[in-house]
Amino acid sequence: MPRHFLKDDDLAPAEQKEVLELALALAAERFAKRPLAGPRTVAILFDKASTRTRVSFATGVAELGGNPLVIDAAGSQLGRGESVADTARVLTRQVSAIVWRTFGQERIEEMARYASVPVVNALTDEYHPCQILADLVTIAQHTGGLADSDAALGGRSLAYLGDGANNMAHSYLLGGVTAGMDVRIASPGDHAPDPAVVRRAEEIAAVTGGAVTITDDPVAAVLDASAVITDTWVSMGQEGESGRDESTFATYGVTEELMAHSGGIFLHCLPAYRGKEVEASVIDGPRSVVWDEAENRLHAQKALLTWLLEHPDDQTAAHALPIGAGR
Ligand code: CP
Ligand code: NVA
């Protein structure tokens, strides 16, 4: 059975830490690993737009010795209605891993059910776990490195402001507490995270020593946070939805005034909309680490692919942590 990475808690804390350690090592010595030498091919499929994910996966697969096959779904039979299951059956006979950016999480879960090679979530409506790995690498680089314990970033906190119901918020919840972090999400009440994801994050936090706070108070969230983070107020596919204008999220924009409540760094997965979710002087200022964060997509995903290919028969993390109703 292959290991997949469909959401952040598919890696148990100690496993996530191994991936982060490898990412930091690859950042220092970029060509140290060649698990795709052959070259073996990785299919990288996009149902939605992308700059960073496309470039970092294509570059990363090449640097691992492999052949990146980037496919825009609109130009494939998947885009004309061929089933996910049949696509998985075809790809799995030829490629060594499948990376997919798509819409609903159920689509990538179906791909994983029918694939006998690792399937990696390159963003769904619900989660963006590769981005969180890169962000955890970035936080490690700027806040004292990885912790000694299994929880990679114990003692660190992150505050995410904005749309609490989007893929980034959900992935910060699961990925952050897996790393043992104190995760705070500040959003308007009608844009709060999925309660099932919050429950799952609380379960993981109870094991890792992390913490979860869901609030509508941006100042309380950022107080002394190691990292202050935001994302677009309008995710891909939500364009034109009502209730996403500036009046909904205006008080959740990351301003210099808000940053004064935290001595931490500033992250943004990008693309950013200056003057909306973040002030230009913050994202372009001295506490912003967004360019390191964007580069770390490359190192984190190379580490993840290497780790998944090296652990084909392991149990999934679901078996490594006590599981409750949230999953
Ligand atoms: N952060 C991120 O995933 O960027 P892209 O949409 O450009 O891939
Ligand atoms: N929440 C954003 C992230 C983009 C990388 C979106 O889904 O569009």
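## Considerations on the sheet that holds strand S8 (residues 227-230)
Spatial ordering of the open sheet is given by S7-S6-S5-S8-S9, a layout of five strands whose pairing is parallel. Looking at strand neighbours, the two that pair on one side only are strand S7 (211-215) and strand S9 (265-268), the edges of this open sheet. If you compare each strand with its neighbour and ignore which way they point, the axes differ by 20 degrees on average. As defined by bridge partners, strand S5 (residues 157-161) adjoins strand S6 (residues 182-186) across five bridges and the pair is classed as parallel. When the sheet's bridge partners are listed, leucine 161 is paired in S6 with alanine 186. Each of S8 and S9 is contacted by helix H5 (residues 129-142), which is oriented at about 165 degrees to S9, the strand it contacts most. Lying on the sheet, helix H6 (residues 167-178) is in contact with S5, S6, S7 and S8; it crosses S6 at an angle near 165 degrees.

## Considering the site of ligand 2
Taken together, Leu123, His128, Asn166, Asn167, Asp231, Thr232, Ser235, Met236, Cys269 and Leu270 make up all the residues around ligand 2. The contact in question runs from a nitrogen atom of ligand 2 to an N or O atom on the side chain of aspartate 231, over 2.6 Å. The side chain of serine 235 places a nitrogen or oxygen atom 2.7 Å from a nitrogen atom of ligand 2. Grouping the amino acids of the shell around ligand 2 by side-chain chemistry returns four nonpolar, five polar and one charged.

## A few points about H6
The α-helix winds at 3.6 residues per turn, so residues separated by three or four positions along the chain end up facing the same way. Look at H6: 16 Å from first C-alpha to last across twelve residues, which is about the 16 Å you get at 1.5 Å a residue. With respect to burial, H6 is a largely interior element, twelve of its twelve residues being buried. Here H6 has its buried residues at Asn167, Met168, Ala169, His170, Ser171, Tyr172, Leu173, Leu174, Gly175, Gly176, Val177 and Thr178. The N-cap of H6, judged by a side-chain oxygen 3.0 Å from the amide nitrogen of methionine 168 a few residues on, is asparagine 166. Where H6 ends, the next residue or the one after it, glycine 180, has phi of about 80 degrees, a positive value.

## Observations regarding the site of ligand 1
With respect to spatial proximity, the complete set of residues near ligand 1 consists of Ser50, Thr51, Arg52, Thr53, Arg101, His128, Gln131, Cys269, Leu270 and Arg297. Contacts to ligand 1 include serine 50, whose side-chain N or O atom sits 2.7 Å from an oxygen atom. In isolation ligand 1 exposes 250 Å². Once the protein is present, 95% of that is buried. Across the shell around ligand 1, the residue classes break down as two nonpolar, five polar and three charged.

Rules used throughout
- Residues numbered from 1 in each chain as written.
- Chains lettered and ligands numbered in written order.
- Predicted model: local features only at pLDDT ≥ 70, side-chain atom pairs only at ≥ 80, totals over all residues.
- Heavy atoms only, no water.
- Pairing = 2+ DSSP bridges.
- Helix = DSSP H or I, 4+ residues; strand = E, 2+ residues; numbered from the N terminus.
- Axes fitted to C-alpha atoms, helices over the stretch in contact; angles between N-to-C directions.
- Contact = heavy atoms within 4.5 Å.
- Near = heavy atom within 4 Å.
- Polar contact = N/O pair within 3.5 Å; in protein donor to acceptor, adjacent residues only side chain to side chain.
- Nonpolar A, V, L, I, M, F, W, Y, C, P; charged D, E, K, R; others polar.
- Expected span 1.5 Å × (residues − 1).
- Buried < 20%, exposed > 50% of the residue type's maximum accessible area, 1.4 Å probe, protein only.
- Areas by Shrake-Rupley, 256 points an atom, 1.4 Å probe, with all protein chains shown as cover.

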